Amino acid sequence: IRRIYDFVRRSEPQRALCEINAIVEDAVGLIEGDARKRGVKIAAELAGSLPPVRADRVMLEQVLLNLMRNGIDAMQATPMADRELRIRTAAVEDGIAVSVADRGNGIAQEAVERLFEPFFSTKPEGMGMGLNICRSIVESHKGRLWVEANPPGGSVFRFALPAA
């Protein structure tokens with residue numbers, strides 16, 4: 001695990017101009033079947049006219065897949081009618097922002113403070129590497145990743161990247 005972590009942290013992304021909405025659509029397409037099996041509706045709200053980002057498309061897709069998978073897992077105990085994963089893209093002052101919001105139980109404050117640490121997990125079967133690697137990937141793209149409470153319940157993971 002340490003070698004994988006070091007590899008991700010040190011490897012330079014293969015950057016090219018990318019449209020974030022296309023990356024989101026591809027990631028949603030990859031996880032939609034699993035979400036449907038687990039009774040989760042995915043709603044994507046993709047802003048128009050977003051600036052391109054200079055990024056490694058595969059790495060950003062992996063970040064999105066991990067965040068969406070975590071959101072789906074977080075809603076296991078959520079009533080079926082409320083199981084919605086909402087992915088949004090938006091233009092921000094110096095680039096783009098992406099959010100992945102779930103309607104799960106949310107994250108306890110003491111866990112929020114440690115959430116991005118290596119080997120810390122809120123899941124019984126979790127390795128505690130997913131969010132740490134996601135943050136490393138986003139930071140390697142000169143962006144940032146954070147979590148907030150979702151007002152209707154659950155959590156919202158957000159990341160912002162500079163425009164190309």
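See the structure shown above.
Residues numbered from 1 in each chain as written. Predicted model: local features only at pLDDT ≥ 70, side-chain atom pairs only at ≥ 80, totals over all residues. Heavy atoms only, no water.

(A) Structural detail: the sheet that holds strand β4 (residues 84-92). If you walk across this open sheet you meet the five strands as β2-β4-β5-β7-β6, and the pairing is mixed. Either end of the sheet is taken by a strand with one partner, and the two such strands are β2 (41-45) and β6 (144-149). On average, each strand axis in the sheet is inclined to that of its neighbour by 15°, with strand direction left out of account. Lying over the sheet, helix α3 (residues 57-74) contacts β4, β5 (95-101), β6 and β7 (155-162), oriented at roughly 170° with respect to β7. (Pairing = 2+ DSSP bridges. Helix = DSSP H or I, 4+ residues; strand = E, 2+ residues; numbered from the N terminus. Axes fitted to C-alpha atoms, helices over the stretch in contact; angles between N-to-C directions. Contact = heavy atoms within 4.5 Å.)

(B) A look at the nonpolar core. Ranked by internal contacts, the top residues of the largest apolar core, which has 42 residues, are Ile-20, Leu-64, Leu-67, Met-68, Leu-85, Ile-87 and Phe-159. Among the elements of the structure, α2 (20-37), β3 (53-55), α3, β4, β5, α5 (130-140), β6 and β7 are those that each provide at least two residues to this core. Broken down by element, the residue count for this core peaks at eight residues, all from α3. When near neighbours in sequence (up to four residues on either side) are disregarded, Met-68 contacts Ala-27, Val-28, Ile-31, Leu-85, Ile-87 and Val-100. (Core = buried A, V, L, I, M, F, W, Y, C linked by side-chain atoms within 4.5 Å. Buried < 20%, exposed > 50% of the residue type's maximum accessible area, 1.4 Å probe, protein only.)

(C) Fine view of the packing of α3 against α5. Two elements in contact, α3 and α5, have axes separated by 10 Å at closest approach and are oriented at 145°. Read as a crossing pair, α3 and α5 show a hand that is left-handed. For the pair formed by α3 and α5, the contact residues are Met-59, Val-63, Asn-66, Leu-67 and Asn-70 on the first element and Gly-130, Leu-131, Cys-134, Ile-137 and Val-138 on the second. Each residue belonging to the contact of α3 with α5 can be placed in one class, and the counts come to seven nonpolar, three polar and no charged. (Left-handed = near helix turned anticlockwise from the far one by under 90°. Nonpolar A, V, L, I, M, F, W, Y, C, P; charged D, E, K, R; others polar.)

(D) Here's a closer look at the state of the cysteines. Counted by the stated rule, this structure contains zero disulfides. You can see Cys-18 has no disulfide; the closest cysteine sulfur is in Cys-134, sitting 17 Å from it. Residue Cys-18 is classed as buried on the basis of its relative accessible area, which comes to 6%. (Disulfide = S-S within 2.5 Å.)

(E) Molecular detail of the packing of α2 against α3. In contact at an axis separation of 9 Å, α2 and α3 are set at 40° when each is read in the N-to-C sense. In terms of orientation, α2 lies oblique with respect to α3. When the axes of α2 and α3 are compared, the crossing they make is right-handed. Residues Ile-20, Ala-22, Ile-23, Val-24, Asp-26, Ala-27, Val-28, Leu-30, Ile-31 and Ala-35 of α2 form the contact with α3, whose own contacting residues are Arg-57, Leu-60, Glu-61, Leu-64, Leu-65, Met-68, Arg-69 and Ile-72. (Parallel < 35°, antiparallel > 145°, perpendicular 65-115°, else oblique.)

(F) Fine view of the packing of aromatic side chains. Scanning all chains against the criterion turns up one aromatic pair. Ring geometry for Phe-116 versus Phe-157: centroids 6.4 Å apart, planes at 75°, classification edge-to-face. Within this pair, whereas Phe-116 is found in the loop between α4 (109-112) and α5, its partner Phe-157 is found in strand β7, the two being separated by 41 residues in sequence. Of the two residues examined, Phe-116 and Phe-157, each falls in the buried class. Against the face of Phe-116 rests Arg-135, its NZ or CZ located 3.8 Å from the ring centre. Cation over ring: Arg-144 sits above Trp-146, and NZ or CZ is 3.8 Å from the ring centre. (Phe/Tyr/Trp six-rings, centres within 6.5 Å; stacked < 30°, edge-to-face > 60°. Lys NZ or Arg CZ within 6 Å of the ring centre and 35° of its normal.)

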